[in-house]
Amino acid sequence: MSAARRARSRTALLAATAAAALALSACSSGGVSGGGGDTNFIMGKDGISTVEKGKRHPAPDLSGKTIDDKQLAVSSFKGKVVVLNVWGSWCAPCRAEASNFQKVYKDLEARGVQFVGLNVADPQVNNARAFEKEFGVTYPSLYDPSSKLMLRFGKGTLNPQAIPSTLVLDRDGKIAARSLAALSEEKLRSMITPVLAEK
């Protein structure tokens, strides 16, 4: 192989590697910071960030159509602890955590915990519906194919490239905890429990 052909092959390989890395960054099981913004998050050893009760910011208006074509406003759940999970049917870590979320939802629903999904970057709503059917998800999900609802969050709150992400909102609709990675059942419970215990 000539030197010129080797150089072209190497350039093509580097370009393909960069493209693959970019695609993977949009759906990763590792958390990354949302960057900037005065969000008052304190990172725990378990990768879950929390905010002290007096320093929390309210979640933005999250309302619109669900993947089942119904109207939903997250603000209607004020008075409950809300677990907001950002997911996509195309995302492998989202698939890995889906059954954990459904199990914890069923366990805590009667204690005033409401789960809401935020389905992003799914151009076909049928893909989102098939995902929920496959994993037996029974809580509602807002359909956000353009990710415009996700972008309503303040700088440093959510990273649009960290899918899945999860927020726990306190009973006043303020952001109390955050994870920018897929969650095990145990980690999900550990995120919710302290907020649920608040008076």
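As shown above, the structure is provided for reference.
First, a word on scope: everything that follows refers to the structure included in this document.

What counts, and where the lines are drawn
Residues numbered from 1 in each chain as written. Predicted model: local features only at pLDDT ≥ 70, side-chain atom pairs only at ≥ 80, totals over all residues. Heavy atoms only, no water. Buried < 20%, exposed > 50% of the residue type's maximum accessible area, 1.4 Å probe, protein only. Helix = DSSP H or I, 4+ residues; strand = E, 2+ residues; numbered from the N terminus. Pairing = 2+ DSSP bridges. Salt bridge = Lys/Arg side-chain N within 4 Å of Asp/Glu carboxyl O. Expected span 1.5 Å × (residues − 1). Contact = heavy atoms within 4.5 Å. 1 Å grid on protein atoms, 1.4 Å probe; cavity = no way out; pocket = protein on both sides within 12 Å on 5 of 7 lines; lining within 4 Å. Points joined across faces, edges and corners; volume = space filled by probe spheres on them. Nonpolar A, V, L, I, M, F, W, Y, C, P; charged D, E, K, R; others polar. Phe/Tyr/Trp six-rings, centres within 6.5 Å; stacked < 30°, edge-to-face > 60°.

## Some words on the pairing of strand 8 (residues 165-169)
Consecutive residues of a regular strand have side chains that alternate between opposite faces of the sheet. Burial within strand 8 is extensive, with five of its five residues counted as buried. Residues Ser165, Leu167 and Leu169 point to one face of strand 8 and Thr166 and Val168 to the other, with burial holding for every one of them. Both strand 5 (residues 81-87) and strand 8 contribute to a ladder of five bridges, which runs antiparallel. Within strand 8, the position partnered with Leu84 by the bridge is Leu167. For strand 8 and strand 9 (residues 175-179), the ladder comprises four bridges, and the chain directions are antiparallel. Bridging from a neighbouring strand, Leu169 pairs with Ile175 of strand 9. Count of turn residues in the strand 8/strand 9 antiparallel hairpin: five residues, of which Gly173 carries a positive phi of about 80°.

## Here we look at the pattern of salt bridges
Under the defined criterion, the tally for this structure stands at eleven salt bridges. A salt bridge links Arg189 to Asp107, with the shortest nitrogen-to-oxygen separation between them at 2.4 Å. In this pair, Arg189 is assigned in helix 4 (residues 185-197) and Asp107 in helix 2 (residues 92-108), connecting sequence segments 82 residues apart. With a relative accessible area of 25%, Arg189 lands in the partly exposed category. Via salt bridges that share partners, Lys103, Asp107, Glu185 and Arg189 belong to a single interconnected network.

## Some points on helix 4
If you check helix 4, its first and last C-alpha atoms are 18 Å apart, about what 13 residues at 1.5 Å a residue would give, namely 18 Å. If you check which residues of helix 4 are buried, you get Leu188, Met191, Ile192, Val195 and Leu196. On the buried face of helix 4, the contacting elements are strand 5, helix 2, strand 6 (113-120), strand 8 and strand 9.

## Notes on the environment of Cys91
Mapped onto the secondary structure, Cys91 falls in the loop between strand 5 and helix 2. By relative accessible area, which is 0% here, Cys91 ends up buried. Spatially, the C-alpha atom of Cys91 lies 7.7 Å from that of Pro164, the residues being 73 residues apart in sequence.

## Quick notes on the layout of surface pockets
If you add up the space inside the second largest pocket, you get close to 180 Å³. Around the second largest pocket, the lining is made up of 15 residues, and of these Ala59, Val74, Ser75, Leu169 and Gly173 lie nearest the centre. Classifying every residue of the lining of the second largest pocket gives nine nonpolar, two polar and four charged.

## Re the packing of aromatic side chains
Geometry of an aromatic ring pair is reported as the spacing of the ring centres plus the angle between the planes. Counted by the stated rule, this structure contains six aromatic pairs. Taking the centre distance of 4.4 Å and the plane angle of 20° together, the rings of Trp87 and Phe131 count as stacked. In this pair, Trp87 sits in strand 5 while Phe131 sits in helix 3 (residues 125-135), placing the two residues 44 residues apart along the sequence. On the accessibility criterion, Trp87 (3% relative accessible area) is buried. Each ring, one from Phe101 and one from Phe115, has its centre 6.0 Å from the other, and the planes form 80°; the classification is edge-to-face. You can see Phe101 sitting in helix 2 and its partner Phe115 sitting in strand 6, a full 14 residues away along the chain. Taken as a pair, Phe101 and Phe115 share a single burial class, namely buried. Aromatic ring contacts, followed pair by pair, group Phe101, Tyr105, Phe115 and Tyr139 into a single cluster.

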